[in-house]
Amino acid sequence: MIKIEGVRKSFGALEVLKGIDLTVERGEVLCLIGGSGSGKSTLLMCINALEGIDAGRVEVDGIDVHAPQTEKNKLRQKMGIVFQQFNAFPHLTARDNVALAPRRVLGQNKVETLELAEHHLAHVGLGDKLDHFPSELSGGQQQRLAIARALAMKPDYMLLDEVTSALDPELVGEVLDTLRLLAEEGITMIAVTHEIPFAREVADRVAFFHQGVIHEVGPAKSLISNPQMERTQEFLGKIL
Amino acid sequence: MFDYRFQWRVVWKHWPELLEAALLTLQITVLSVVFGLMIGMVLSVWRKSDNKILYWFTATWVALARNTPALLQIYLAFFGLGALGIHFSPYTAVLAAITFNNAGYLAEILRGGMDSISPSQRGAALGLGMKPLQMYVYVIFPQVLKAVFLPITNQIVWAMLGTSLGMIIGLQELTGMTTFLQSQTFRPFEFYLAAAVIYLIVCETILIFARLVAWRAFRW
Ligand SMILES: Nc1ncnc2c1ncn2[C@@H]1O[C@H](COP(=O)(O)OP(=O)(O)O)[C@@H](O)[C@H]1O
Ligand SMILES: [Mg+2]
């Protein structure tokens, strides 16, 4: 379970998160929607401590993420994160991209991790690209590679930041299909997305972000078809 | 006017001296690059430091190394430090000066290499649960290596050509030895041409070898 309480975060004078409260249960899929610059990416980075926080508390399975004594690398092992910009490791083949962390972080043996990589790449439809470098893959393939890389760590949670935003429209479908698969497998996900129909179909709940505040959170279908707050209505009106 | 008659036999006769001098040139080059790389790594890290003293120390080093003549740096190492009571042999003075010079350039090359890596690669590595050291070893450094490989190769060539300044303080590296031999034999054209060919062959060998390594190692 991820429990976020009163989280505040500023970059210099700019307060980006102004007191966020949010709870995500095991097995739940939560989609974060909201305008650009509203703090969604920052919140994801605060959840796995890639960014620090100024106030409040983030708890994952009862562990205080931002406590100084928390081993952040251990914590991140069970929380995959996938970024908008893919961030595949350019110097490694698809297989080595996926095998790297299980081998070096979890200390699994080499043969085992290469097989694991093949399995996860096949899972996201890249079984025929094992020896390709990221520069030889399309954006959609690189993004699926990034997802496979995160999944190979067998995370309990996945943080997904607009994983389809940098893709050409015809490539969005393949990545969303991959995420659907994860949702069906019961992985707990927090996904920032602009794909409202996707959120409606896959998410259990949706939270609407605006200027560093969560304005509305609720069951996906009802929030999207019947938003209560004016701001949410406005945002959905523009985007749909 | 153009009735100069080449006499190569005299060059051939002094071939062992030339070869020995070339080896000295190569030795200073290799040592100055190795030491320069070690210092350059430290400088490139200090350059990013929050510590003002380290930052300014590094910035000064880099500026002096890059923006003053290498010849001056050799004079300073030899006569300058000599006046302060620190007496270097010509060999040590040249090695120290070229190392100083290399470290300044290499620090900047390394810094540029680090800066060329997208910051999001850090997030991707840490996000997989890597410790900072693992992130550097498995994700950042391999990419930096590619970015700096050819610039460093160029720096090696530059360092080698720079060692020729050593003759000014009496070091008999390749240029110094050549100058000495031609003054003994009165065959300047032959000797300087021979030296030029040796420099050229060694530099081209380094460059071709480096390209080969790069082609094998950086196929991505
Ligand atoms: N590392 C940073 N340093 C300074 N400002 C930042 C940084 N990261 C994000 N911001 C600022 O914080 C605000 C929220 O950014 P972000 O969380 O990326 O929003 P979103 O993902 O909702 O588009 C933006 O105004 C952005 O410019
Ligand atoms: Mg964002």
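Cut-offs and rules
- Residues numbered from 1 in each chain as written.
- Chains lettered and ligands numbered in written order.
- Predicted model: local features only at pLDDT ≥ 70, side-chain atom pairs only at ≥ 80, totals over all residues.
- Heavy atoms only, no water.
- UniProt positions renumbered as here; feature names shortened; annotations may be inferred.
- Helix = DSSP H or I, 4+ residues; strand = E, 2+ residues; numbered from the N terminus.
- Contact = heavy atoms within 4.5 Å.
- Buried area = accessible area lost by both parts, 1.4 Å probe.
- Salt bridge = Lys/Arg side-chain N within 4 Å of Asp/Glu carboxyl O.
- Polar contact = N/O pair within 3.5 Å; in protein donor to acceptor, adjacent residues only side chain to side chain.
- Buried < 20%, exposed > 50% of the residue type's maximum accessible area, 1.4 Å probe, protein only.
- Pairing = 2+ DSSP bridges.
- Phe/Tyr/Trp six-rings, centres within 6.5 Å; stacked < 30°, edge-to-face > 60°.
- Lys NZ or Arg CZ within 6 Å of the ring centre and 35° of its normal.
- Near = heavy atom within 4 Å.
- Areas by Shrake-Rupley, 256 points an atom, 1.4 Å probe, with all protein chains shown as cover.
- Nonpolar A, V, L, I, M, F, W, Y, C, P; charged D, E, K, R; others polar.
- Core = buried A, V, L, I, M, F, W, Y, C linked by side-chain atoms within 4.5 Å.

S.K.: Before we go on, may I ask you to explain the UniProt feature "transmembrane region" (unreviewed entry) in chain B in this structure?
M.R.: All names here are of chain B. Taking the numbering used here, the UniProt-annotated feature "transmembrane region" (unreviewed entry) corresponds to residues 22-46, 53-76, 88-107, 148-171 and 191-214. Its end C-alpha atoms 25 Å apart, residues 88-107 is made of 90% helix and 0% strand. Helix makes up 62% of residues 148-171 and strand 0%, whereas the separation of the span's terminal C-alpha atoms amounts to 31 Å.

S.K.: Could you clarify how one ought to interpret the UniProt feature "domain: ABC transmembrane type-1" (unreviewed entry) in chain B in this entry?
M.R.: Within the UniProt annotation, "domain: ABC transmembrane type-1" (unreviewed entry) is assigned to residues 18-210 of chain B. In residues 18-210 of chain B, helix accounts for 82% and strand for 0%; the two terminal C-alpha atoms are 25 Å from one another.

S.K.: Any chance you could explain the interface of chain B and chain A here in plain terms?
M.R.: One frequent convention defines the size of an interface as the accessible area lost when the parts assemble. Counting residues at the interface gives 18 residues for chain B and 22 residues for chain A. Of all residues in chain B, the largest losses of buried area upon contact with chain A belong to Leu 128, Tyr 138 and Trp 220 of chain B, amounting jointly to 37% of the total for that side. Seen at the junction of chain B and chain A, the total is zero salt bridges. At the boundary of chain B and chain A, one finds five residue pairs in polar contact (both at pLDDT 80 or more).

S.K.: I tried to follow the side chain of Ser 38 of chain A on my own but got confused; where do I start?
M.R.: Residue and element names in this part refer to chain A. Mapped onto the elements of the fold, Ser 38 is located in the loop between strand 3 (29-34) and helix 1 (40-47). Owing to a relative accessible area of 5%, Ser 38 belongs among the buried residues under this scheme. In this structure, Ser 38 is in contact with Val 16, Phe 209, His 210, Gln 211 and Gly 212, ignoring residues within four places of it in sequence.

S.K.: What should I look at first to understand the sheet that holds strand 1 (residues 2-11) of chain A in this one?
M.R.: Residues and elements named next belong to chain A. Read across the open sheet, the four strands follow the order 2-1-4-5; overall the sheet is antiparallel. Either end of the sheet is taken by a strand with one partner, and the two such strands are strand 2 (14-24) and strand 5 (63-64). As judged from the eight bridges shared by strand 1 and strand 2, these two strands associate in the antiparallel manner. Pairing of Ser 10 across the sheet is with Glu 15, part of strand 2.

S.K.: Mind showing me how you'd approach the packing of aromatic side chains here?
M.R.: Centre distance and the angle of the planes are the two values used to describe a pair of aromatic rings. Applying the stated criterion across every chain, the model contains 15 aromatic pairs over all chains. Each ring, one from Tyr 4 of chain B and one from Phe 6 of chain B, has its centre 5.5 Å from the other, and the planes form 75°; the classification is edge-to-face. With 6.0 Å between their ring centres and 65° between their planes, Trp 46 of chain B and Phe 57 of chain B make a pair best called edge-to-face. Linking Trp 46 of chain B in helix 2 (residues 15-46) with Phe 57 of chain B in helix 3 (residues 52-67), this pair joins segments that are 11 residues apart in sequence. Residue classification places Phe 57 of chain B among the partly exposed positions, given a relative accessible area of 41%. Feature note: the residues Tyr 4, Phe 6, Trp 8 and Phe 189 of chain B constitute an aromatic cluster, connected by ring pairs. Cation over ring: Arg 149 of chain A sits above Phe 89 of chain A, and NZ or CZ is 4.1 Å from the ring centre.

S.K.: Looking at this structure, I do not really get the site of ligand 1. What am I missing?
M.R.: Residue and element names in this part refer to chain A. Surveying the vicinity of ligand 1 reveals the residues Phe 11, Leu 14, Val 16, Gly 35, Ser 36, Gly 37, Ser 38, Gly 39, Lys 40, Ser 41 and Thr 42. With respect to ligand 1, the side chain of Ser 41 contributes an N or O atom lying 2.7 Å from an oxygen atom. Contact between ligand 1 and Thr 42: an oxygen atom at 2.5 Å from a side-chain N or O atom of the residue. In the complex, the protein chains occlude 58% of the 560 Å² of accessible area that ligand 1 would expose alone. Put simply, the parts of the chain that give the shell around ligand 1 at least two residues each are strand 2 and helix 1. Sorting elements by how many residues they give to the shell around ligand 1 places helix 1 first, with three residues. Partitioning the shell around ligand 1 into residue classes produces three nonpolar, seven polar and one charged.

S.K.: What should I look at first to understand the nonpolar core in this one?
M.R.: A general tendency of soluble globular proteins is for nonpolar side chains to be buried together. Grouped together as the largest cluster of nonpolar side chains are 52 residues, with contacts concentrated most on Ile 2, Ile 4, Leu 32, Leu 43, Ile 47, Phe 89 and Ile 190 of chain A. In terms of residue count, helix 7 (residues 132-162) of chain B provides more of this core than any other element does, six residues in total. Setting aside anything within four residues of it in sequence, one finds Ile 4 of chain A in contact with Ile 20, Asp 21, Leu 22, Leu 43, Ile 47, Arg 57 and Val 58 of chain A. Counting 34 residues, the second largest nonpolar core, distinct from the first, contains Val 29, Ala 150, Met 158 and Phe 208 of chain A.

S.K.: How should I be thinking about the pairing of strand 9 (residues 205-210) of chain A in this particular structure?
M.R.: Two faces belong to every sheet, and in a regular strand the side chains alternate between them. Residues and elements named next belong to chain A. Where strand 3 meets strand 9, five bridges bridge the pair, whose relative direction is parallel. Each residue of the ladder has a partner; that of Leu 30, found in strand 9, is Arg 205. What sits between strand 9 and strand 10 (residues 213-219) in their antiparallel hairpin is a turn of two residues, with Gln 211 showing a positive phi close to 45°.

S.K.: Is there a simple way to explain the pattern of salt bridges in this structure?
M.R.: Pairing between side chains becomes possible if they bear opposite charge and their charged atoms approach one another. Applying the stated criterion across every chain, the model contains 18 salt bridges over all chains. Among the ionic pairs, Arg 26 of chain A bridges to Asp 156 of chain A, the shortest N-O distance being 3.5 Å. Residue Arg 26 of chain A is located in the loop between strand 2 and strand 3, and its partner Asp 156 of chain A is located in the loop between helix 5 (139-151) and strand 7 (157-161); the two are separated by 130 residues in the primary sequence. We classify Asp 156 of chain A as partly exposed; its relative accessible area is 30%. Taking the shortest distance from any N to any O, the salt bridge between Glu 108 of chain B and Arg 47 of chain B comes out at 3.3 Å. Here Glu 108 of chain B is found in helix 5 (residues 90-115), whereas its partner Arg 47 of chain B is found in the loop between helix 2 and helix 3, with 61 residues between them in sequence. The same class applies to Glu 108 of chain B and to Arg 47 of chain B, which are both buried. One network of salt bridges, with partners in common, ties together Arg 26, Asp 61, Lys 78 and Asp 156 of chain A.

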